[in-house]
Structure formats: structure tokens, C-alpha cells
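Read off the chains here:
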Amino acid sequence: MVHVCVLGENRQYSEDTLLKDVAKEVQESFSHEILLATVDGKLQELHKKVKEGTSVEFLTAADKPGIQTYRRSVLLILLKAFYEVIGAEHIQKVSVEYAIANGLFIESAGSFEKTQELVDRIKAKMREYVAAEIPIMKRNVTTDEAIEIFRHHRMYEKERLFRYRRVSRVNLYSIGGFEDYYYGYMVQNTGYLKYFDLILYRDGMMLLLPEQKNPEQVAEFHDREKLFEVLDETESWGRQLEVPTVGALDDVICKGKASELILMQEALMEKKIGDIAEQIAGRPDKKIVMIAGPSSSGKTTFSHRLSIQLKAKGLKPHPIAVDNYFVNRVDSPRDENGNYNYEVLECLDVALFNQNMTDLLAGKTVEMPEYNFVKGQREYHGDFLTLGPDDVLVIEGIHCLNEKLSYALPRKNKFKIYISALTQLNIDEHNRIPTTDGRLLRRIVRDARTRGASAQDTIRMWPSVRRGEEENIFPYQEDADVMFNSALVYELSVLKQYAEPVLFSVPRDSAEYVEAKRLLKFLDYFLGVSSEEIPHNSLIREFIGGSCFKVLKWETVEDWNVGLDLALL
């Protein structure tokens, strides 16, 4: 018999008891179906046996590791169905390109026609798999064997990436003879995968999946045309740079061409910023440029570089931080935990902001405020501003795309820009890099460098940051006149050197260890690149240091609380 702690109770089981058996026993204590377990803080699949003296916690799709496991498992049955319905001999390629809302965009090529009828057949086959509760098998093979398997299945990007694997053996998953590699765990059988949808979308398919906050419901898909366009442009950048995947990036680094890649990527980005400045300069009525985006998108560096381009077009840009319009701290709204909530619109003096901006548009002189985050008060220091015919306001803040912030300003005078780090690399054909992973790594590196914060601290507060983005930024992104992708194709190879040491410092017994370990495993696929040849105006300098711009800023309530603590020392 073995003794195991489950749900805070010490329980006794036979030595051959599996975690899935224990999960069935306690399932009624959970609102959602159990998918995974953590045993003494380490993720494990449910086919593992219980062990003496361990502490077991179960995870559902309402937990981040659980929803990640669910999504990659659904993707496996989609690919299995795709090959079975069409036939491997007719398929040249099938790849997961990017995420839009709650969907994954799937591209494919081969001797078949992409129709609604084909999509319906694939979806029906997936439903058959779910009803049959087919076991998802796992086997361990050598890395060399895996490379041969991928070549046989024409998964050439996987084959290329695995040439850089540092481990000698890997785990492959399979359903009924269809075998693939994924960067994380799977559910035990297809019966768990009840919630998904598949629709025809543009020149491919959209696999719709549930979200962590509501894992038993697949939301209706709402197209985001502007986001798709910028993602499509990003993909074309990857093709232009000949670096669509991590394996291709590693090839470039191995061939000693990283410096050339850095220069090409920076040139593409500078051209894009110049094109945006050209649009603004060509519209004399656009006197107010409003920039918004999620955390660690590089908004500050972007606003500086855009201002330089605007100057080159003969304009006179004036940067304005919406943060300077915070109400005094004593008047700030609080969240459900009693903490000041600096992320809601109500924390801003919206009326004063609109009055000041309206006066500036009318040609009046305005004394601009500055918010003192240490004192928690708005102050004035004789900073007067008057707009001339060539002056342009460059305003940055998380609410800048929300019309409620600038309700009194004519829409014709506003030029809205949404910026985010939309990762243009895929790991391989079937595994994409979530945009949030790139931003989280940027944030971990910057927090460690500028605040002395641990990776554990940053990982702990990240869900709160993400909730603020979901509420205050993402709903308004399609209202932007322009979307700008701040991700750099080479950046994860640079961030690797900075992120790994702080990630390794996350305690093994902490709640954040699982996420830190996942990120470390992810970074292991990248070869490192030195930061020496990165230009000092690069967006990535905002995070690794060495920027020629003043880029240190506080973005969230956690930043400001830490800044206040430091200031009071």
C-alpha cells in the first residue's frame, strides 16, 4: 500500500493504482473534468502510478497547463482526421499558422480542394474519434529515430528542428498509427475532447477551441480582419527572411548569418514605422496619434521611433503619457481585493484629458500635468504646450483605442495604432509559439534588469496583467487605423541568455515552477545569439538594456506598487 495526500487528506492506495483512478474518485469535487495532475509540484499525465508519500493535485481545463493540454490534444485528432480523410499521398503540407480570438488558423497544400464539404468531413471524423474514446499512446524513441519518422511523414520543419535537440530521447504521441511530436502533455484518450468546432476560413480552416475561463463552451468565432492582415504580413516577413520556424532560425545562426538577419529584420521594421509616419503626414487632419497595446509590446520604443520618422516628414511630435492623467491615489478605484486598480478607465481623469486635448486642438496653450507615482498625486511643473500647424500629439496608454477615453475629440483628428508582439516564428509545422509567451519572456527579462524582480514574481502577476489586457485592450484592437507587430524574428534567441538564469532560480516547490520549467524547455530549442550587434534603437533594447531612448516605465499596478516601495526605501 502507498500513502498519498489528495485534496489535503492522506489516503491509502494499492501500489498499482493509477492517477486516473484517483481522479475518478475525486472528480465530483471539481467543476470541470480532470485532465492532468501535479505530483509534488511536477506535472504528470494520468497514466502514471501513485507513489508513496507524494502530494497530488489535479488540474482541469480551467487551469493553464490543463487548457494547454486540451488544445494540443484536439490538434492531434484534427491532424489525424485530416490525413485520414484526404490521404497522406495527396497532402504536401498542413501547418498551424497563428491564433485569432479562440481559433487556430490551419493552412494546407496538396492535390485537394478546400471546401466546406471537406471541412465537415474532417470535423465528423474528429467526432468519431471522440465517441470512440481512442487511447492516445505515448512512446519513447531516440532523437535519430524521431528525425527519420518526421522525414517519412514529410514533416520537414520538425526534422530540421530535431537536429538541434540536446537530449538523446524524445516522447512521441500517436492515435491509431498517426504519430507526431508535441511540446507538452496529452490527455489519456480522445473521449476527453468533446468541445471544439472546425470552420472554413479564407484559404484554410479555423479550429475553434474553448477558453480557460469557460472550458465547456466554444465561443462563436468573430473575425478580426485587421489582426489577420497583420499576421499574414508577418508570415510573409518570415518567408522573406527565410526564417518561418525555429529550426530555420537555428540554421541561420549555425551558418554565422545572425548579424545579417538582425539587420534585415530591423530594416523591415524601420520601413514599416516609416510607412505609418507617411500615412500620418499625408493626413494633415490627423493631429492626435493614439497608441495602445498589451504589456511588453515595446510601446515606448515604438513611440520614440515613430516620432523620429514624423520629424523626418517635417512634423513636430509631442509625446504625452495618459498615465499623467491619473486621479490622485486617494480617489483611485479599488479592485475586489481592496488594491488600487490602475488598469480601469475610471482611474483616469477623463474629463480633464478631453478638456486639455480639446483646448490644444483649438490652438490654446495648456499646462500639461505630470503624475507623481511616489506621492500619488498629479503635479504641474510649468510644462506649457501650444500646437502649431506642424505639431502632432503622440499619446500612449492602455485605453487609447477606447473612444470613451477621448469622447470629446473628433474621430477625424485621431490616428489610432495598435501594437503587439505577434510572434512570427512557429516551432514547427504543428506547434506555434503563443504571442503571450514572447511577451512574458520580454517582461521577465526587463523586470529582472530594471526592478530586481524575480521570474517567480513576474510569473505570479502575469495572470492579473492578462486579465487587464482582455478587458481594456483586446476588445478595441480592430478599431485601430494601423496594427504594428513589434516581434523580432531573432529576439527569442537573444532573450534566451537573459531569461534562463532567472527562470532557473524559481523554487521547485513554488506554484510558479511549472510555468518556469515550461518556458525553460521552450527556450531549449533556440540557439543563442549575442546582443552586441543589435542596434541601440531596436525594440528589444527596451527589455535587454542598452536603448538609446528613455524607456523605463511602469505599466501595471504591480509595477507602481514596487516603484513606490523602492522610492520609499
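Here the structure is a predicted model, which is why all the values come from computation and not from measurement.

(A) Broad picture of empty space enclosed by the protein. Evaluated as defined, the whole model comprises five cavities of 30 Å³ or more. In this structure, the second largest cavity is lined by Ala421, Thr423, Gln424, Leu425, Gly438, Ala487, Leu488, Val489, Tyr490, Glu491 and Leu492. Its residues assigned to classes, the lining of the second largest cavity shows seven nonpolar, three polar and one charged.

(B) Up close: the side chain of Ser73. Turning to its location among the elements, Ser73 is positioned in helix H2 (residues 64-86). The exposure class assigned to Ser73 is buried, which follows from its relative accessible area of 0%. Discounting residues that sit within four places of it in the chain, Ser73 has contacts with Met186, Val187 and Leu193.

(C) Region of the structure containing a positive patch on the surface. There is a patch of like positive charges on the surface, built from Lys42, Lys48, Lys51, Arg508, Lys517 and Lys521. Among the structural elements, Arg508 can be located in the loop between helix H13 (491-504) and helix H14 (513-523).

(D) View of the environment of Pro475. Inspection of the secondary structure assignment puts Pro475 in the loop between helix H12 (455-472) and strand E19 (482-485). Classification of Pro475 by relative accessible area gives partly exposed; the value is 48%. Remark: the alpha-carbon pair of Pro475 and Glu343, spanning 132 residues in sequence, is separated by 14 Å. For Pro475, the residues in contact, after removing those within four places along its chain, are Glu469 and Glu470.

(E) Geometry of the sheet that holds strand E2 (residues 9-13). Pairing is mixed across the open sheet formed by five strands, whose spatial order is E2-E1-E5-E3-E4. Strand pairing shows two members of the sheet lacking a second neighbour, E2 and strand E4 (42-44), which therefore form its edges. Averaged over all neighbouring strand pairs, the angle between strand axes comes to 40°, with direction disregarded. Direction of pairing for strand E3 (residues 34-39) relative to strand E5 (residues 55-60): antiparallel, over a ladder of five bridges. Residue pairing in the sheet places Thr38 in a bridge with Glu57 of E5. The sheet strands contacting H2 are E3, E4 and E5, and the helix crosses E3 at an angle near 130°.

(F) Main features of the packing of H13 against H14. For the pair H13 and H14, interaxial distance at closest approach is 10 Å and the crossing angle is 145°. In the crossing of H13 with H14, the sense of the turn from one axis to the other is left-handed. On H14, the residues touching Leu492, Lys496, Ala499, Glu500, Leu503 and Phe504 of H13 are Ala516, Leu519, Leu520, Phe522 and Leu523. Taken together, the residues that form the contact of H13 with H14 break down as nine nonpolar, no polar and two charged.

(G) A negative patch on the surface, seen in detail. Taken together, the side chains of Glu15, Asp16, Asp21 and Glu52 make up a negatively charged region of the molecular surface. Its location among the elements puts Glu15 in the loop between E2 and helix H1 (19-26).

(H) Representation of H13. Compared with an ideal rise of 1.5 Å per residue, which puts 14 residues at 20 Å, H13 spans 20 Å between its outermost C-alpha atoms and is within 8% of the ideal. Helix geometry: H13 is bent most strongly at Gln497, by close to 40°, with proline Pro501 lying one to four residues after it. H13 sits mainly inside the fold: ten of its 14 residues count as buried. Along H13, the residues that are buried comprise Glu491, Leu492, Ser493, Val494, Leu495, Lys496, Ala499, Glu500, Val502 and Leu503. In this fold, the buried residues of H13 make contact with helix H7 (246-254), helix H11 (435-450), H12, H14 and helix H15 (541-544).

What counts, and where the lines are drawn
Residues numbered from 1 in each chain as written. Predicted model: local features only at pLDDT ≥ 70, side-chain atom pairs only at ≥ 80, totals over all residues. Heavy atoms only, no water. 1 Å grid on protein atoms, 1.4 Å probe; cavity = no way out; pocket = protein on both sides within 12 Å on 5 of 7 lines; lining within 4 Å. Points joined across faces, edges and corners; volume = space filled by probe spheres on them. Nonpolar A, V, L, I, M, F, W, Y, C, P; charged D, E, K, R; others polar. Helix = DSSP H or I, 4+ residues; strand = E, 2+ residues; numbered from the N terminus. Buried < 20%, exposed > 50% of the residue type's maximum accessible area, 1.4 Å probe, protein only. Contact = heavy atoms within 4.5 Å. Patch = residues over 30% accessible without salt bridge, like charges linked within 9 Å, V, L, I, M, F, W, Y side chains within 5 Å. Areas by Shrake-Rupley, 256 points an atom, 1.4 Å probe, with all protein chains shown as cover. Salt bridge = Lys/Arg side-chain N within 4 Å of Asp/Glu carboxyl O. Lys, Arg positive; Asp, Glu negative; His and termini not counted. Charge placed at Lys NZ, Arg CZ, Asp CG, Glu CD. Pairing = 2+ DSSP bridges. Axes fitted to C-alpha atoms, helices over the stretch in contact; angles between N-to-C directions. Left-handed = near helix turned anticlockwise from the far one by under 90°. Expected span 1.5 Å × (residues − 1). Bend = angle between axes of the 7 residues up to and from the residue.

By themselves, these figures tell us nothing about what the structure is for.
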